[in-house]
Amino acid sequence: MTDQIAEAKETIYQVAEDVLEKLAFLFSFREEERGPMDYGSAVVASVSFTGQFKGRLLMAVSSEMLPELAANMLGIEEETSPEEQRDALKELINVICGNLLPEIAGRKQLFNVNTPRILPSGEIEAIISDKNPAATAKLALEEGQCDLILYLDDAGPGVSLEPETPEP
Amino acid sequence: MAINILIVDDSAVMRAMILKSLRMTGLDIGETYQAGNGQEGLEALNDNWVDMVIVDINMPVMNGEEMIGQMRENPATADIPIVVISTEGSEARLERLREKGAAFIHKPFTPETIRDTMRTMLHLEEND
Ligand SMILES: [Mg+2]
């Protein structure tokens, strides 16, 4: 069990590093030792999914990183609008989540990834205090930070990433 | 001859990234149209003649798989080449898309992948 969660965390790191580099031309470094980000000074996107397991992925990025992230994705020098910046983060989490789930569950599994959204601050607190994540990845970006938090539904204290086995 | 293209993706930033990559391919890109979901995509096809459709899978209102299904059922759009650009990793869903004759590009992509896929789909030679 612990192994699987450790594996999921490693997979989140690998997928996030790859997508950030290829899609947003951002290099990231693992910051395993630090505490969670200050979500009050971050923009947080959320995407829920259903399939072999259900849950959601949160992606928090330091607010000051958002303009660069959007400009990199769009390949422009000019200032990006707040809407473009939110859209850029939503597409990033969409691509990370879409790549992450088959990496964890295998390509035989079918997942539906819902439309990502930006969370209002009140909701962030509610989600974070509601239950423990299955895995958290903490990254340093050039001028900020990024946390990726994976939550799985219907999982009590023994959060399981194992394929469902039929009742004996 | 210039290639007219419809890009369907719920992310405006992703549509811009795809468009930028298309412009880097060296292919003669004509008119480009954009839509934010499958429904809008079908409406755009009603109003415009295109040579190729580039479509995402995960979209609200109508997803890409449903849009492709409806395109294939309509004689006016049944033969338009389709390229799916998506994060999709499920073998079953990719097989269903292949059966409908769609090419597949995995997100995140490089402009080279888009160029090579376009050439293959449009039966273009290196020096076209
Ligand atoms: Mg999408």
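The structure reproduced in this document is the subject of the present report. (Residues numbered from 1 in each chain as written. Chains lettered and ligands numbered in written order. Predicted model: local features only at pLDDT ≥ 70, side-chain atom pairs only at ≥ 80, totals over all residues. Heavy atoms only, no water.)

### Quick word on the environment of I18 of chain B
Residues and elements named next belong to chain B.
Here is step 1: By the secondary structure assignment, I18 is in helix α1 (residues 12-24).
Here is step 2: On the basis of relative accessible area, I18 is assigned to the buried category, the value being 1%.
Here is step 3: It is 15 Å that separates the C-alpha atoms of I18 and G30, two residues lying 12 residues apart in sequence.
Here is step 4: With residues near it in sequence (within four places) discarded, I18 still touches I7, D9, I54, I85 and F109. (Helix = DSSP H or I, 4+ residues; strand = E, 2+ residues; numbered from the N terminus. Buried < 20%, exposed > 50% of the residue type's maximum accessible area, 1.4 Å probe, protein only. Contact = heavy atoms within 4.5 Å.)

### Regarding the packing of helix α3 (residues 82-105) of chain A against α1 of chain B
Here is step 1: In the contact formed by α3 of chain A and α1 of chain B, the axes pass within 7 Å of each other and the chain directions differ by 80°. Regarding the angle of α3 of chain A to α1 of chain B, the classification is roughly perpendicular. Residues E84, D87, A88 and E91 of chain A of α3 of chain A form the contact with α1 of chain B, whose own contacting residues are A12, V13 and M14 of chain B.
Here is step 2: Considering only residue class, the contact of α3 of chain A with α1 of chain B consists of 4 nonpolar, no polar and 3 charged. (Axes fitted to C-alpha atoms, helices over the stretch in contact; angles between N-to-C directions. Parallel < 35°, antiparallel > 145°, perpendicular 65-115°, else oblique. Nonpolar A, V, L, I, M, F, W, Y, C, P; charged D, E, K, R; others polar.)

### With respect to the coordination of the magnesium ion
All names here are of chain B.
Here is step 1: Surrounding the magnesium ion are the protein donor atoms D10 (OD), D56 (OD) and N58 (O), which sit 2.1 to 2.5 Å from the metal.
Here is step 2: Taken in chain order, the donor set of the magnesium ion reads D-x45-D-x1-N. In this pair, D10 sits in the loop between β1 (3-8) and α1 while N58 sits in the loop between β3 (52-55) and α3 (64-73), placing the two residues 48 residues apart along the sequence. (Donors = N, O, S within 2.8 Å, 3.2 Å for Na, K, Ca; no water.)

### A short note on unusual backbone geometry
Here is step 1: Cis rather than trans, the peptide bond between K107 of chain B and P108 of chain B has omega equal to 0°.
Here is step 2: Looking at the element boundaries, P108 of chain B is found in the loop between β5 (103-106) and α5 (111-121).
Here is step 3: Look at F25 of chain A: it is not a glycine, yet its phi comes out positive at around 50°.
Here is step 4: By secondary structure assignment, the location of F25 of chain A is in the loop between α1 (2-24) and β1 (29-30).
Here is step 5: Even without being glycine, V61 of chain B reaches a positive phi, approximately 70°.

### As for the sheet that holds β5 of chain B
Residue and element names in this part refer to chain B.
Here is step 1: Spatially, 5 strands are ordered β2-β1-β3-β4-β5 in an open sheet, and the strand pairing comes out parallel. Strand pairing shows two members of the sheet lacking a second neighbour, β2 (29-35) and β5, which therefore form its edges. Taking each pair of neighbouring strands and ignoring which way they run, the sheet shows an average axis angle of 20°.
Here is step 2: Taken together, the 4 bridges between strand β4 (residues 82-86) and β5 define a ladder with parallel strand orientation. Bridged to V83 within β5 is A103.
Here is step 3: Here α1 sits on the sheet and contacts β1, β2, β3 and β4; the angle it forms with β2, its principal contact strand, is near 170°. (Pairing = 2+ DSSP bridges.)

### Things to note about the pairing of β5 of chain B
Here is step 1: The two faces of β5 of chain B differ: A103 and I105 of chain B on one face are buried, but F104 and H106 of chain B on the other face are not.
Here is step 2: Traced from β4 of chain B through helix α4 (residues 91-99) of chain B to β5 of chain B, the parallel crossover comes out right-handed. (Right-handed = clockwise from strand over helix to strand, strands pointing away.)

### A word on the interface of chain B and chain A
Here is step 1: Taken together, the contact pairs 20 residues of chain B with 25 residues of chain A.
Here is step 2: Together, the buried faces of chain B and chain A total about 1,900 Å²; carbon and sulfur atoms form 53% of this surface.
Here is step 3: With a closest N to O distance of 2.7 Å, E91 of chain B and K108 of chain A form a salt bridge.
Here is step 4: There are 11 residue pairs in polar contact (both at pLDDT 80 or more) connecting chain B and chain A.
Here is step 5: Every element with two or more residues in the side of chain B that touches chain A is listed here: α1 and α4 of chain B.
Here is step 6: Looking at the side of chain B that touches chain A element by element, the count peaks at 6 residues for α1 of chain B. (Buried area = accessible area lost by both parts, 1.4 Å probe. Salt bridge = Lys/Arg side-chain N within 4 Å of Asp/Glu carboxyl O. Polar contact = N/O pair within 3.5 Å; in protein donor to acceptor, adjacent residues only side chain to side chain.)

Nothing here speaks to function; it is geometry throughout.
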